[in-house]
Structure formats: C-alpha cells, structure tokens
Amino acid sequence: MNELKILSFNIKNDNNLDIEKINILAKIIIDNNFDLIGIQELTYKYQKKLTNILKDYNFIGKYRLGNILKSTRFNENNNIITNKRIKYKKTIHLPWLFMSFKDFIKGLKNNIIIPRITTIAILDDNICMINTHLSSSRTPSIQIRQLKKLKKIINKYSKYKIILTGDFNMKMDNPNFKNFVNTIPMLKRININQSTWRSSIIDHIFIPKNWYITDSGIIDTKNISDHNAIYANIKQN
C-alpha cells in the first residue's frame, strides 16, 4: 500500500510577515516529510518566502481577488502544497454574497463579506485533493450554500481518490456540518477531536472510506498561528 502524509493548516493572515514563523512551518513540513499540505489564508508575500524554502514542493492555487491585487493583505489563497506531480489544477469561487439586503448590510457592518475559494489538484495515482476555507460562522446561510457547492465539486471528481482539507469554520455539533458529513458517503472524516482554533474543532481532513489511518492528530502551532495544524498519515487501499 502507498503511504501518504497529509497536513491541513490555517496559518493566520496578519500584517506581520515574520520569517521565523515561516521557517517553523517549513521545518514542520520538511521534518515530517508531508506529501500533501492544504494551507488556508496564505498571502502572496508569505507564499513567496515559503516557496524559496520549500524548493522541492509545488504550490497550487490562485488568489481570491485575482493576480492584479495579489500583493494586498486580504488577497489570500488556499494553496495545495505537494511534492507530487501535478496533472490538473483549478481554483473555484464558492458562493459568498448574501441573498437578502438585510443580511448584506449586516455583513458590511461586521466586515464578513469576503470571497471564498476552493483549490483542486489532480495528482499521480488518481488522487484529487480539494482544499478550502469557508465563511465565518456568523454567516450560516452562506455556509449552507458553500457546503452544497463543495458537494457538487466532490461529485464531479468522484472518479478520483478524493482528499478534502480545510477550515470549515463550523463546530462538530453544527447541524449543517453534520448534514454535509452524512451526505458525502464516499469520504470519512479523520477522527481528530482536539481543539484546532480556541476551544473549537473547525479544521478537518477527509479521505476515501476504504483508506487506512496509521497516525493522526494535531501539531501545536499556536506559536505561529491562532490555529493548530492537523495531520494524518494514511495508507491507500
């Protein structure tokens, strides 16, 4: 059986481009020899520094506001970082606008009207990795639409072995998240039940139902982010 090492991590977008933090992340990736990394909130300047260190890895994914504004702070991507050969790549925008004027005004006041994207990469060995970052928990109506879009993406690439990573911004007991998990029967959530953000579990890794998990858990990364990274070492069936 082929082994794969997977990491998912929201690195926290902030104005302080701390090279020491970038070095710590690069060391985690290299020391653990991760094959597939789903990163959330990656900015252009951070990516440029990280790419210079991880020379044996490919970075996949476009920015949510496009290349013209790529160097601005809020123009993040959800890169897939991998040491595998890339056969296909795509970035898709998820629904992110409010459907009612009342919700739109509320969103403006709370500064939560932000484009959201999903990155897709098809790799060797018939693997399709999907990495995403959903909207704030303060926007449940948008989260529902985003989950529906994610399910459509999963179904579209269902002939591949799908790995799904991301910051879902939903706790485990959220009914919308529970419904999503129950309606993607080809995948299983890796049972990591330690807090990933504050006291909540909102970051997840999904793999094909028939794959084996040899190790999984969190990596304490609170010194470089407001999230803990999550990882899984798996064997393909």
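Note that the structure is a prediction, hence the values are computed from the model and not measured.

Visitor: Would you explain the side chain of Ser225 in this entry?
Guide: Structurally, Ser225 is set in the loop between β11 (212–219) and β12 (229–235). On the basis of relative accessible area, Ser225 is assigned to the buried category, the value being 8%. A distance of 2.7 Å separates a polar atom in the side chain of Ser225 from the backbone oxygen of Asn10. Ignoring sequence-local partners within four residues, the contact set of Ser225 consists of Phe9, Asn10, Ile11 and Lys12.

Visitor: What is the right way to read the sheet that holds strand β10 (residues 203–208) from this model?
Guide: Taken in spatial order, the six strands of this open sheet run β5-β6-β7-β8-β10-β9, and their pairing is mixed. Only two strands of the sheet have a single neighbouring strand rather than two, namely β5 (86–94) and β9 (187–189). Pairwise comparison of adjacent strand axes, ignoring direction, gives a mean angle of 15° for this sheet. Two strands pair when backbone bridges link them, and strand β8 (residues 161–167) and β10 are joined in this way by four bridges, in the antiparallel orientation. Opposite Gly166, over in β10, you have His204 as the bridge partner. Running at roughly 15° to β10, helix α5 (residues 175–182) makes contact with β8, β9 and β10 of the sheet.

Visitor: Looking at this structure, how should I read the environment of Asn79?
Guide: Its location among the elements puts Asn79 in the loop between β3 (58–60) and β4 (80–82). With residues up to four places along the chain from it excluded, the contact list for Asn79 reads Ile37, Gly38, Ile39, Leu42, Gln47, Phe59, Ile60, Gly61 and Asn131. Side-chain polar atoms of Asn79 contact the backbone oxygen of Gly61, separated by 3.2 Å.

Visitor: Sorry, what's going on with the sheet that holds strand β1 (residues 3–10) here?
Guide: Judged by pairing direction, the sheet is mixed, and its six strands sit side by side in the order β3-β4-β2-β1-β12-β11 without closing on themselves. For this open sheet the edge positions go to β3 and β11, each flanked by a neighbour on one side alone. Mean inter-strand twist for the sheet, computed between neighbouring axes without regard to direction, equals 15°. As judged from the seven bridges shared by β11 and β12, these two strands associate in the antiparallel manner. Bridge pairing links Ile213 to Ile234 in β12. In the packing of helix α1 (residues 19–32) onto the sheet, contacts are made with β1, β2 (36–40) and β11, and the angle to β1 comes to roughly 165°.

Visitor: Got a minute to help me understand the pattern of salt bridges in this structure?
Guide: Taken as a whole and judged by the stated rule, the model has five salt bridges. Lys27 is the partner of Asp31 in a salt bridge, and the nearest nitrogen-oxygen pair spans 2.5 Å. Of this pair, Asp31 and Lys27 both sit in helix α1, four residues apart, roughly one helical turn. Asp31 gets classed as exposed once you look at its relative accessible area, which sits at 51%. The shortest N-O distance in the salt bridge between Arg85 and Asp124 comes to 2.9 Å. Taken as a pair, Arg85 in the loop between β4 and β5 and Asp124 in the loop between β6 (116–123) and β7 (127–133) lie far apart in primary sequence, 39 residues in all. For Arg85, a relative accessible area of 53% corresponds to the exposed category.

Visitor: Quick question: what am I supposed to make of the environment of Tyr46 here?
Guide: Position of Tyr46 among the secondary structure elements: in helix α2 (residues 44–53). Residue classification places Tyr46 among the buried positions, given a relative accessible area of 10%. In this structure, the C-alpha to C-alpha distance between Tyr46 and Lys62, residues 16 residues apart in sequence, is 14 Å. If we ignore the near neighbours within four places in the chain, the residues touching Tyr46 are Ile11, Leu17, Lys21, Ile22 and Leu25.

Thresholds, definitions, all that
- Residues numbered from 1 in each chain as written.
- Predicted model: local features only at pLDDT ≥ 70, side-chain atom pairs only at ≥ 80, totals over all residues.
- Heavy atoms only, no water.
- Helix = DSSP H or I, 4+ residues; strand = E, 2+ residues; numbered from the N terminus.
- Buried < 20%, exposed > 50% of the residue type's maximum accessible area, 1.4 Å probe, protein only.
- Polar contact = N/O pair within 3.5 Å; in protein donor to acceptor, adjacent residues only side chain to side chain.
- Contact = heavy atoms within 4.5 Å.
- Pairing = 2+ DSSP bridges.
- Axes fitted to C-alpha atoms, helices over the stretch in contact; angles between N-to-C directions.
- Salt bridge = Lys/Arg side-chain N within 4 Å of Asp/Glu carboxyl O.

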